[in-house]
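# Coordinates in review
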Amino acid sequence: MGVYQINGIQQVGVGTENFKRTRDWLIDRFGADIRILEDDTVAERMLPYTGGVPQKRHAAINICLQGGGGFEIWQYSKRKPEPCPFDVSIGDLGIFAAKVKCRDIDKYSNGIHCSLPDDTGCLYVRDDYGNVFQLVEDKSIYIEEHRLTGGVVGAVIGVTDMDRSVRFYSEVLGYSRVLSDTEGVFSDWAGLSGGSERYRRVILATGNQRRGAFSDLYGDSTIELVQALERVPRKIFDGRFWGDPGFIQICFDVSGMKAFGEFCASKGCPFTVDSCPDGSVFDMGEASGHFTYIEDPDGTLIEFVETHRIPIVARLGWNINLNRRDRNKPLPKILFRMLGVVARQRSGKQK
């Protein structure tokens, strides 16, 4: 088996009924104003999750330069997006909340402060469509922009069998450190759907420091697994398509995709989608790479991306080709500062 590595959380996908409204909200609330890529074509490789039919969609990835993963904003262009028909509760199967870094919870929330079981300060906010974001106190900063918030640093995921899921996220994704493992009714969930019920709740962190071109930007992350103890959970995307409203996947940046695919298959979770099964390159607008998907034990979609090229100044043909550099070496901050300047100039011209 060859060499591979997972370099951090690249993004969490947010399916929406209104692309612009969701992107504007993420920019306003979390400072995710740097567009890495945007594409408005047909999703031809996700057939297992789009009814077996290629679907036209509008998608973009936005990041915050203060650090953390980004957000993939995703909307069907021709098919009408189908919202979840029920109020999603804690413990329902899939991604209940995206974790977002915040340097000072008290300042963000005017003194309203609660804590996770591992004593990390936290706060919950909802977007215009009811998606839940868990702000977690994290004072690390990649590029200082004097914002309270940064990007994605994890997810809260509902599961049916905690021990089985802990093994999966530890052995396959490297979240091998248990920060807390508790049962009960949790005060930070008061006011959230299902928040008065009992749960088992496990917070996992990675065992080794992440490496890779984007590892300094992504930083550390945690996965919070939740098992409902008083009811049978519902599957958030049951009967719906990938890309419908809600958190559609959590995506990890990887190096050595072929070797990683062999490893996943050996663990009983082979790729369910492979954009480049013949070793070719997948283009998404101005960027290119190789993406794949697996499912966790309850069917939550997990994406992996091995990036080959991202644009710096697309109109001049300036880009970063990661196949021509040491993938273990982090990219210099000046490249992300340039991305920020170009993205903001372009945004100003579009207004």
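Above this text sits the structure in question.
Okay, so let's go over this structure. (Residues numbered from 1 in each chain as written. Predicted model: local features only at pLDDT ≥ 70, side-chain atom pairs only at ≥ 80, totals over all residues. Heavy atoms only, no water.)

Along the protein, the regular secondary structure elements total six helices and 19 strands. At 19 Å, the protein has a C-alpha radius of gyration in line with the 20 Å of a compact globule built from 351 residues. Sorting the 351 residues of the protein into buried and exposed places 57% on the buried side. For the protein, long-range pairs separated by at least 24 residues make up 72% of all intrachain contacts whose partners lie at least 6 apart in sequence. In the structure as shown, the protein presents an accessible area of about 14,800 Å², 48% of it carried by carbon and sulfur atoms. If you average the places of the 44 positive and of the 47 negative side-chain charges in the protein, the two averages end up 6 Å apart. (Helix = DSSP H or I, 4+ residues; strand = E, 2+ residues; numbered from the N terminus. Rg over C-alpha atoms; globule rule 2.2 N^0.38 Å. Buried < 20%, exposed > 50% of the residue type's maximum accessible area, 1.4 Å probe, protein only. Contact = heavy atoms within 4.5 Å. Areas by Shrake-Rupley, 256 points an atom, 1.4 Å probe, with all protein chains shown as cover. Lys, Arg positive; Asp, Glu negative; His and termini not counted. Charge placed at Lys NZ, Arg CZ, Asp CG, Glu CD.)

What follows covers the environment of Phe133. Here Phe133 shows up in strand 9 (residues 132-137). Since its relative accessible area comes to 0%, Phe133 is described here as buried. Along the chain, Phe133 and Gly195 lie 62 residues apart, while their C-alpha atoms are 15 Å from each other. Residue contacts for Phe133: discarding those within four places in its chain leaves Trp25, Leu26, Phe30, Phe71, Ala98, Val100, Leu123, Tyr124, Val125, Asp127 and Phe247.

Right, let's talk about helix 3 (residues 162-171) for a bit. Residues of helix 3 that are buried: Met162, Ser165, Val166, Phe168 and Tyr169. Down the axis of helix 3, the buried side of the element spans an arc of 160°, and every buried residue falls inside it. The distance from a side-chain oxygen at the start of helix 3 to the backbone nitrogen of Asp163 is 3.3 Å, and the residue carrying that oxygen is Asp161. (Arc of directions from axis to C-beta. Polar contact = N/O pair within 3.5 Å; in protein donor to acceptor, adjacent residues only side chain to side chain.)

Attention now goes to the pattern of salt bridges. Taken as a whole, this structure holds 25 salt bridges when the rule is applied. In this structure, Asp33 engages Arg147 in a salt bridge whose closest nitrogen and oxygen atoms are separated by 3.1 Å. On the criterion of sequence distance, the pair formed by Asp33 in the loop between helix 1 (19-30) and strand 2 (34-39) and Arg147 in the loop between strand 9 and strand 10 (149-159) is long-range, its members being 114 residues apart. Assessed through its relative accessible area of 17%, Asp33 is described here as buried. Here Arg147 falls in the partly exposed class, since its relative accessible area comes to 25%. Between Glu144 and Arg103 there is a salt bridge; the shortest N-O distance is 2.9 Å. Of this pair, Glu144 sits in the loop between strand 9 and strand 10 while Arg103 sits in the loop between strand 6 (94-102) and helix 2 (105-108), and the two are 41 residues apart along the sequence. (Salt bridge = Lys/Arg side-chain N within 4 Å of Asp/Glu carboxyl O.)

All right, on to the sheet that holds strand 12 (residues 199-205) then. One open sheet holds the eight strands; their spatial order is 7-8-9-6-10-13-12-11, and the pairing between them is mixed. Among the strands making up the open sheet, the edge pair consists of strand 7 (114-115) and strand 11 (177-184). When strand 11 meets strand 12, the two strands line up antiparallel, connected through seven bridges. Across the sheet, the residue bridging to Val178 is Leu204, located in strand 12. (Pairing = 2+ DSSP bridges.)

A few words on the pairing of strand 13 (residues 222-228). The element strand 13 is extensively covered by neighbouring structure, given that seven of its seven residues are classed as buried. Neither face of strand 13 is exposed, since Thr222, Glu224, Val226 and Ala228 on one face and Ile223, Leu225 and Gln227 on the opposite face are all buried. Pairing geometry for strand 10 and strand 13, over six bridges, is parallel. Counted as the bridge partner of Ile157 is Leu225 from strand 13. Pairing analysis gives seven bridges linking strand 12 to strand 13, with the strands arranged antiparallel. Bridged to Arg201 within strand 13 is Val226.

In this section: the nonpolar core. Counting 48 residues, the largest nonpolar core has Phe133 and Leu173 as its most contacted members. Setting aside residues no more than four positions away along its own chain, Leu173 makes contact with Ile6, Phe168, Arg210, Phe252, Ile302 and Phe304. Of all hydrophobic cores here, the second largest spans 20 residues; its members include Ile36, Leu37, Ile143 and Leu335. (Core = buried A, V, L, I, M, F, W, Y, C linked by side-chain atoms within 4.5 Å.)

Bringing a nonpolar patch on the surface into the picture now. A cluster of nonpolar side chains, Trp318, Ile334 and Met338, forms an exposed patch at the surface whose accessible area comes to about 310 Å². Mapping Met338 onto the fold places it in helix 6 (residues 333-350). (Patch = residues over 30% accessible without salt bridge, like charges linked within 9 Å, V, L, I, M, F, W, Y side chains within 5 Å.)

Summed over all chains, the structure comprises 22 aromatic pairs. Here the aromatic rings of Phe214 and Phe336 are separated by 6.3 Å at their centres, their planes lie at 75°, and the arrangement is edge-to-face. You can see Phe214 sitting in the loop between strand 12 and helix 4 (215-218) and its partner Phe336 sitting in helix 6, a full 122 residues away along the chain. One exposure class covers both Phe214 and Phe336, and it is buried. Members of the aromatic cluster, joined through ring pairs, are Tyr4, Tyr175, Phe252, Phe260, Phe263 and Phe304. (Phe/Tyr/Trp six-rings, centres within 6.5 Å; stacked < 30°, edge-to-face > 60°.)

Shape descriptors only; they carry no functional weight alone.
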